[in-house]
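Descriptive analysis of the structure
Given next are the chains, with one letter for each unit.
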Protein chains: 2
Amino acid sequence: MLIGFIILGSEAIMVYKVLPTVNHDTTKLIHLILHAIALVLGAVGIYCAFKNHNETGIANLYSLHSWLGIGTISLYGIQWIFGFLAFFFPKAAPNVRKSALPWHALLGIFVYILALATAELGFLEKLTFLQSSGIDKYGPESFLVNFTALVVVLFGASVVVAVVAPARLEEPQGYAPIPEN
Amino acid sequence: MLIGFIILGSEAIMVYKVLPTVNHDTTKLIHLILHAIALVLGAVGIYCAFKNHNETGIANLYSLHSWLGIGTISLYGIQWIFGFLAFFFPKAAPNVRKSALPWHALLGIFVYILALATAELGFLEKLTFLQSSGIDKYGPESFLVNFTALVVVLFGASVVVAVVAPARLEEPQGYAPIPEN
């Protein structure tokens, strides 16, 4: 669920960079829909956490993971609603959109880093509980969780770098055209 | 120790943005020295962790926090040595520096996000151990750690945004000049 949240959110963030030659209205729609699905996955994931806690008698909302998660999903939702209203429908005036767009992108990076930190905290927290109730600290389950978490954080930091890196406007496909003669 | 690592590293990253009117050689020297101090603080912090573990019989290097921390400090060190050799002494040829600089900045952002994630994992891990050995999950100590961690992650994500945001070249002090008449 929350892996899906990270992956779809990442793809949504990168879509303008990944598909630079595709029509802008199309990429905007992809951006919007991917973020909407990611948001729903995130919200369902949080609902499941509360449901599971309540059914098994675990305390709610005391850990850093939960605090950061609630903050992140709230900002994510605000950002989506703002983006939808300003850039899709009913769409703000061109000069408003022009000045709001860099802020939209920067706030997006901000929220994405928070989401990444939350995901990492989730891996560590769950595994710490499992390890203190008996699983081997150097066993295969522990390594599986740790390596998954490493892949997620390396992926996430690479997404930030990919989004922030300047675009190759002269070679939109990412490779140089083969010379003609 | 590790808070100092984050703060000094952050200031080092932001120095070119924060002091845009200062001579470039001066800001480069500040950047270099702040990162060097941060690196030493980080290394001493890691040494203390091993020392403490060995003296109290805690297992080493099984948690995500430790894995990510070792990876981060290694990349941080490589990045510092590379930067020193390429941009300070003996300095690469101008065309090499020109093409290496964007990679230096992007790798720096990458490592900074990893450092941030490691710091957050550290807060959560330590607090989880304290909570499972008895301190109140909603008590003042827990809230203090969580709020500190929140401040660190919000600060860190803001640093990335500040570094990535376009500079105001026409107003290097960050405010518009007061009109003359």
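Quick note: structure is the one above.
This text gives an overview of the structure that appears in the document. Numbering of residues starts from 1 in every chain and runs along the sequence as written. Labels are handed out in written order, letters beginning with A for the chains and numbers beginning with 1 for the ligands. Under the rules for a predicted model, residues below a pLDDT of 70 receive no local features and side-chain atom pairs below 80 are neither given nor counted, while totals for whole chains, interfaces and linings still include all residues. Hydrogen atoms and water are omitted, and side-chain values are computed over all heavy atoms in the structure.

1. Here's the deal with a nonpolar patch on the surface
Residues and elements named next belong to chain A. Patch membership requires more than 30% relative accessible area and the absence of a salt bridge. Residues of like charge join within 9 Å; the nonpolar side chains Val, Leu, Ile, Met, Phe, Trp and Tyr join within 5 Å. The protein chains shown are the only cover counted for residues, whose accessible areas, like all others here, come from Shrake-Rupley with a 1.4 Å probe. Salt bridges are identified by distance alone: a Lys or Arg side-chain nitrogen within 4 Å of an Asp or Glu carboxyl oxygen. Together, Leu29, Ile33, Ile37, Phe88 and Phe89 make up a nonpolar patch on the protein surface, roughly 460 Å² of accessible area in all. In this text, helices come from DSSP runs of H or I with a minimum length of four residues, and strands from runs of E with a minimum of two, each type numbered from the N-terminal end. Here the nonpolar patch gets three residues from one element, more than from any other, and that element is helix H2 (residues 24-56). The class of Phe88 is partly exposed, set by a relative accessible area of 34%. Classification of residues uses two cut-offs on accessible area relative to the type maximum, computed with a 1.4 Å probe and protein chains only: under 20% is buried, over 50% is exposed, and between them is partly exposed.

2. Quick look at the relation of the copies chain A and chain B
Our superposition of the copies is a least-squares fit, built on the C-alpha atoms of residues whose pLDDT is at least 70 in both. It takes a turn of 180° to lay chain A on chain B, together with a shift of 0.0 Å along the axis; the resulting RMSD is 0.1 Å. Here the symmetry operator amounts to a two-fold rotation axis. When you check the interface residues of chain A against chain B, 100% turn up at the interface there too, and the contact is symmetric in its surfaces. Note on contacts: a residue pair qualifies if any of its non-hydrogen atoms lie within 4.5 Å across the two residues.

3. Let's talk about the interface of chain A and chain B
In this assembly, 39 residues from chain A lie in contact with 39 residues from chain B. Roughly 3,600 Å² is buried in total at the junction of chain A and chain B, and carbon and sulfur atoms are behind 83% of that figure. Any pair of nitrogen or oxygen atoms within 3.5 Å is treated as a polar contact; in protein, a donor-acceptor pairing is required on top of that, and neighbouring residues in sequence qualify only through side-chain atoms on both sides. Our count for the contact surface shared by chain A and chain B stands at four residue pairs in polar contact (both at pLDDT 80 or more). For the side of chain A that touches chain B, the secondary structure elements donating two or more residues are helix H3 (64-88), helix H4 (94-132) and helix H5 (140-164) of chain A. Element by element, the count of residues in the side of chain A that touches chain B is highest for H4 of chain A, at 15 residues. Partitioned by chemical class, the residues of the side of chain A that touches chain B number 29 nonpolar, seven polar and three charged. Take the accessible area each of two parts loses on contact, using a 1.4 Å probe, and add the two losses: that sum is the buried area. Under the scheme applied here, ten amino acids are nonpolar (Ala, Val, Leu, Ile, Met, Phe, Trp, Tyr, Cys and Pro), four are charged (Asp, Glu, Lys and Arg), and all others, including Gly, are polar.

4. With respect to the side chain of Glu125 of chain B
Along the chain, Glu125 of chain B falls in helix H4 (residues 94-132). For the buried Glu125 of chain B, which has no salt bridge, the nearest side chain bearing the opposite charge is Lys137 of chain A, at an N-O separation of 8.6 Å. In terms of polar contacts, Glu125 of chain B uses its side chain to reach the side chain of Ser63 of chain B, at 2.9 Å. Aside from chain neighbours lying at most four places away, what touches Glu125 of chain B is Leu124 of chain A together with Ser63 and His65 of chain B. For the purpose of counting charges, residues Lys and Arg are taken to be positive, whereas Asp and Glu are taken to be negative. His and the chain ends are not included.

5. Thoughts on helix H1 (residues 2-18) of chain B
Helical periodicity: at 3.6 residues per turn, an α-helix aligns residues three or four positions apart in one direction. All names here are of chain B. Between its first and last C-alpha, H1 extends 23 Å over 17 residues, near the 24 Å set by a 1.5 Å rise per residue. Two axes define the bend at a residue: one fitted to the seven residues ending there, one fitted to the seven starting there, and the bend is the angle between them. When the local axis directions of H1 are compared, the greatest deviation, roughly 35°, occurs at Ala12. Along H1, the residues classified as buried are Phe5, Ile6, Gly9, Ser10, Ala12, Met14 and Val15. Contact partners of the buried residues in H1: helix H2 (24-56), helix H3 (64-88), H4 and helix H5 (140-164). Expected span of a helix, by definition, is 1.5 Å for each gap between consecutive residues, and there is one gap fewer than residues.

6. Some words on the packing of aromatic side chains
By convention here, two paired aromatic rings are described through the distance between centres and the angle between planes. Pairing of aromatic side chains here covers Phe, Tyr and the six-membered ring of Trp, requires ring centres within 6.5 Å, and sorts the geometry by plane angle: under 30 degrees stacked, over 60 edge-to-face, intermediate tilted. Counting across every chain of the model gives 16 aromatic pairs over all chains. With 6.3 Å between their ring centres and 90° between their planes, Phe143 of chain A and Phe147 of chain A make a pair best called edge-to-face. One end of the pair, Phe143 of chain A, and the other, Phe147 of chain A, are both in helix H5, four residues apart, so they sit about a helical turn from each other. Residue Phe143 of chain A is classed as partly exposed on the basis of its relative accessible area, which comes to 31%. Ring centres of Phe5 of chain B and Tyr76 of chain B lie 5.0 Å apart, and the angle between their planes is 45°; on these two criteria the pair is classed as tilted. Placement of Phe5 of chain B in helix H1 and of Tyr76 of chain B in helix H3 is noted, with a sequence separation of 71 residues between them. Of the two residues, Phe5 of chain B and Tyr76 of chain B, neither departs from the other in class, the shared state being buried. Grouped by ring-pair contacts, the aromatic residues Trp67 of chain A together with Phe143 and Phe147 of chain B constitute a single cluster. The residue whose ring lies beneath Lys137 of chain B is Tyr62 of chain A, and the NZ or CZ to ring-centre distance is 4.8 Å. Criterion for a charge above a ring: Lys NZ or Arg CZ within 6 Å of the ring centre, and within 35 degrees of the ring normal.

7. Describing the environment of Leu61 of chain B
Residue placement: Leu61 of chain B occurs in the loop between H2 and H3. By relative accessible area, Leu61 of chain B is classed as partly exposed at 39%. On a C-alpha basis, the gap between Leu61 of chain B and Phe50 of chain B in space is 8.9 Å, while along the polypeptide they are eleven residues apart. Non-local contacts of Leu61 of chain B, meaning those with residues more than four positions away in its chain, are made with Tyr138 of chain A together with Phe50, Ser66, Trp67 and Ile70 of chain B.

Function cannot be inferred from these measures alone, as they are strictly geometric.
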